[in-house]
Amino acid sequence: MSFFRVVKAELHKYYVQQFVSYRTAFWFLVLPFGNGLLYYSMYLPFTSTVVQFSWLGHNALVDIVGFTLLGQLLYTFFVGVTLAGSAFDTERVQGTFEAMLLTPASRVAILLGGLVVATAQYLWLIVGIIPVFLFYFHLGIAVADPLALLLSLFLTYTALTALGLCLEAFFIQTRKGILLGTTLQEPVALASGVIVPPSAYPTQIALLTYLIPLTLGLISVRLTLLAGGMLSEVLVPLATLAETIAKANGSLALF
Amino acid sequence: MSTPDVKTEKLVRVYESKKRRPIIGAPKITLVVAVDNLDLEIPQGELFGLLGPNGAGKTTTVKMLSTLLTPTSGRAWIRGLDVTRDSQKVRKIVNMVAGGERMLYYRLTGRENLNYFAELYDVPSSQVTRRVNDVLRRVGLEERADEEVEKYSKGMKQRLQIARGLINDPQVLFLDEPTIGLDVDIAKELRAFIRKQLVEEQGKTVLLTTHYLAEAEELCDRAAFIFKGKIAAQGSPSELSKLIVPRVTIELTIRGAAENEIRAFADHLGVKTISVESVEDDPSHFRKRAILDADSEEIIPRAFEYFHARGASVVSAGLRQPSLEDAYLKLAGK
Amino acid sequence: MRTFLRATIGSARISTIIYWRFFNWTGFALRFLSPLLSLSVAWILYNVVYHQSTSTSFKGAANSSDYFSFVVVGSAFFVYVVSTLFTLGRVMYWDRAQGVLETIFLTPSSVLGYISGRMLSAFSMATVDLLVLFGIGYALGFHVTSFNAPVFFASIGLMVASLFGLGLIVNSITLIFRDRVNTANTLTTLILVFSGVVAPLRLMPDWAQRVGAVIPFTYAINLLRASLLSTESGSVNYGDLWYLVGLTSVFLLAGHALLIATVKTVRKQALYSHI
């Protein structure tokens, strides 16, 4: 059976079940937008309109708007990939999980289908949010090394997708996928620098947060998109992300 | 003449069926007439059966009578109370039990479920405990009453449903396929309970919908066939059978007659031969079994005379009265 | 009245029992993740990133420079919003999914009583959450600088009433449109952003302030902060109280009307079946 046919079938299933009305499409846009505004508004009571963050000796001053927007965008994608895995809980409850496994369809294709859905939602979000932040909030962009930016975006996306595949493979083994997926979200949001820079934490804790792919992705993308960061400045987080991808692929044997 | 417990007059229920629409475009709506000018009367203390295939309108009828659904047009009364205008009063004196495993809170125990519904039915506070214990005892769930419903078997859930259906001591009870999916012995117990305790001892009026025609034959005082929302026929089970299938099936075992002779006998009397075959355990194939479709059992003594005159003999004769199943199949066009 | 009260108390009891049996202590702990995130971020921003240096506009808007206490009060009372929208806002939806909605509608009991019981359960659980969050906030530096009892209790009462009305509206939307989580999730987020839970509404853009102006919770939280965190007398804006009364009445009336319409629609369109 064609791998891509299975992925396409998963996408169509999701579309028919979830994305079936203008109302649902609207909610998918409003929710992350609201969260983005929320994190942005938490900076308003303070005197500065920029936030400083550091990474291995590099310091950058970044506008709050860009800082929080990117945090929200990548965090939404992270939430999407964790929820893709916990969606198997729903399949189990409905009794359709067994029916899926009875088919000869590639299991990886089934998993990937869920992640494609998360990406589709993410793209929809980008279409909706970025113009608002660019034109209304006057998001300041400073790209000095386009290659570094592209690599940052690509590796972050791939690392989060790979992480999502691993989480899916893990969640399937438990009956608490939804619970685990939900539990992960807020701690990761706090630790990975979605809202506050991890450099605000004590060094030992900051080092631990760098184990989360989302943290490294945020650092790379923020540095290269908002602070004119060069490839040399983001080489270490990018290399770590690449390693994460490799390890994640290996871990798929778990499934 | 006393007011019937259940009465309907030209009761109609139409559903709108919407086809799922694409992201752009209006949905396509189809109108489905589930109940079509239904007229029904059930006197007090009767066990009335409503029989029909899936989608015939049985459940829709029951839901309208129990006030769960608003009729599209027509009227219905329960003990003289209009189901639309006096719906709150109707709910106090009726209850409904549906087949299947839903309609219960799974995280609550059996007792907690019943206590809750006793509150909602405003059972006097001083009587709640006694009433709950009583219904639990009647359905045989006393010992498992304090376990969560999700741990119950299918049969136990169904029994708890019945208990819930009795919690307000209803005068009229609607049972919508109550034995569906139950084991044979549990279903048999339940039928006995419905007939003996609910109807004969307590004098409740029961409207039962079922697929199982044998169940209706066993339980019902009267029944009606419903097809595509309309009543096709109603009466007692035997009246219905005879009304629709006014013929009997006769089985004769004959020794010493060939197949063509047996068929000639049937033709001579104007009786239809359904089948003639050799009796299985007769190695000489000397005995034949004939199934005939006649309008009365009078052909049996004539068969004895006929075959005796020709040197053969009728070894045994059996008579099968038409059943509700025969009537159903005939009405359904099968 | 008796049937209403019995339905209310019965519903509250089973709702609480079901919640504890489904979620137990794990679920209870997880309820705090989101408010703890807000508190943690607020604490880090206030104490570590900006070294307690809040802007003049914040001090003017909040009548205080203590951003952390500002967020503690907002986040702690916000649990009532979450509890209401996710319990009351989806009560009929979930009961329908279990197949129990039919059984409820079969009884002669008051539907309003059945729903009020769920609200009572949501309120009780939210109150426990509130106390826990205040405790955590206190451990991290939350200070109550005043206590205006009449304003405090009046605000809570009106807040709960307005949330009840909103919950009825969301319940109807969720049931009729078969919308499992989107409405409740999105409204919760919008109220979180536009009611001034984590930042004074006055610091947000004009259009955001206009949105916040129609949310009763905005006024409730202003009054609650004024009753707990004022450093000067006369800081209670009684205009907020009148707005809160007005909006609460509107939401309650709208919610009640929608509930009646929903019950009629359910019976008319046979919306009992499992989604």
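Everything that follows concerns the structure shown earlier in this document.
The following refers to the structure shown. (Residues numbered from 1 in each chain as written. Chains lettered and ligands numbered in written order. Predicted model: local features only at pLDDT ≥ 70, side-chain atom pairs only at ≥ 80, totals over all residues.)

### Side note on the overall build of chain C
Part 1: Secondary structure summary: chain C contains 12 helices and zero strands in total.
Part 2: The secondary structure elements of chain C, listed N-terminal to C-terminal, are α-α-α-α-α-α-α-α-α-α-α-α.
Part 3: Relative to the compact-globule value of 19 Å for 275 residues, chain C shows a C-alpha radius of gyration of 19 Å, a close match.
Part 4: Along the first, second and third principal axes, the C-alpha atoms of chain C reach 60 × 40 × 35 Å.
Part 5: Taken over 275 residues, chain C has a buried fraction of 50%.
Part 6: Here the analysis covers contacts within chain C between residues at least 6 apart in sequence; of these, 83% occur between residues at least 24 apart. (Helix = DSSP H or I, 4+ residues; strand = E, 2+ residues; numbered from the N terminus. Rg over C-alpha atoms; globule rule 2.2 N^0.38 Å. Buried ≥ 20, exposed ≤ 12 C-beta atoms within 10 Å, placed from the backbone. Contact = placed C-beta atoms within 7 Å.)

### Re the sheet that holds strand β12 (residues 272-278) of chain B
Residue and element names in this part refer to chain B.
Part 1: Spatially, four strands are ordered β12-β13-β11-β14 in an open sheet, and the strand pairing comes out antiparallel. Only two strands of the sheet have a single neighbouring strand rather than two, namely β12 and β14 (313-320). In this sheet, neighbouring strand axes are inclined to one another by 20 degrees on average, regardless of whether the strands run parallel or antiparallel.
Part 2: Contacts from helix α10 (residues 299-309) reach β11 (248-255), β13 (287-294) and β14 within the one sheet, and its direction differs from that of β14 by about 165 degrees. (Pairing = 2+ DSSP bridges. Axes fitted to C-alpha atoms, helices over the stretch in contact; angles between N-to-C directions.)

### Quick word on the interface of chain C and chain A
Part 1: Taken together, the contact pairs 29 residues of chain C with 24 residues of chain A.
Part 2: The set of elements that each furnish at least two residues to the side of chain C that touches chain A consists of α2 (33-49) and α9 (182-194) of chain C.
Part 3: The element contributing the most residues to the side of chain C that touches chain A is α2(C), with 10 residues.
Part 4: Of the residues contributing to the side of chain C that touches chain A, the split by class is 20 nonpolar, nine polar and no charged. (Nonpolar A, V, L, I, M, F, W, Y, C, P; charged D, E, K, R; others polar.)

### A few points about the packing of helix α4 (residues 67-87) of chain C against helix α8 (residues 149-176) of chain C
Residues and elements named next belong to chain C.
Part 1: Interhelical geometry of α4 versus α8 gives an angle of 30 degrees and a closest axis separation of 9 Å. Compared by their axis directions, α4 and α8 come out roughly parallel. When the axes of α4 and α8 are compared, the crossing they make is right-handed. Packed against α4, whose contacting residues are Tyr-80, Val-81, Thr-84 and Leu-85, the element α8 presents Met-159, Val-160, Leu-163, Leu-166, Gly-167 and Val-170 at the interface.
Part 2: Grouping the constituent residues of the contact of α4 with α8 by class yields eight nonpolar, two polar and no charged. (Parallel < 35°, antiparallel > 145°, perpendicular 65-115°, else oblique. Left-handed = near helix turned anticlockwise from the far one by under 90°.)

### Focus: the interface of chain C and chain B
Part 1: At the junction of the two partners, chain C supplies 24 residues and chain B supplies 24 residues.
Part 2: Every element with two or more residues in the side of chain C that touches chain B is listed here: α1 (2-30), α6 (101-106) and α12 (238-269) of chain C.
Part 3: Among the elements that make up the side of chain C that touches chain B, the one with the highest residue count is α1(C) (nine residues).
Part 4: Its residues placed into classes, the side of chain C that touches chain B shows 12 nonpolar, seven polar and five charged.

### Some thoughts on the sheet that holds strand β7 (residues 172-176) of chain B
Residue and element names in this part refer to chain B.
Part 1: Strand order in the open sheet formed by six strands is β6-β7-β8-β3-β9-β10, with mixed pairing between adjacent strands. This sheet does not close on itself; its edge strands, each paired only once, are β6 (94-98) and β10 (230-235). Adjacent strand axes in the sheet meet at a mean angle of 15 degrees when their direction is disregarded.
Part 2: Note: β7 against strand β8 (residues 205-210), five bridges, orientation parallel. If you follow Phe-174 over to β8, its bridge partner there is Leu-207.
Part 3: Here helix α5 (residues 154-166) sits on the sheet in contact with β6 and β7, set at roughly 170 degrees to β6.
Part 4: Each of β3 (47-51), β7 and β8 touches helix α6 (residues 184-201); the most contacted strand, β8, lies at about 155 degrees to it.

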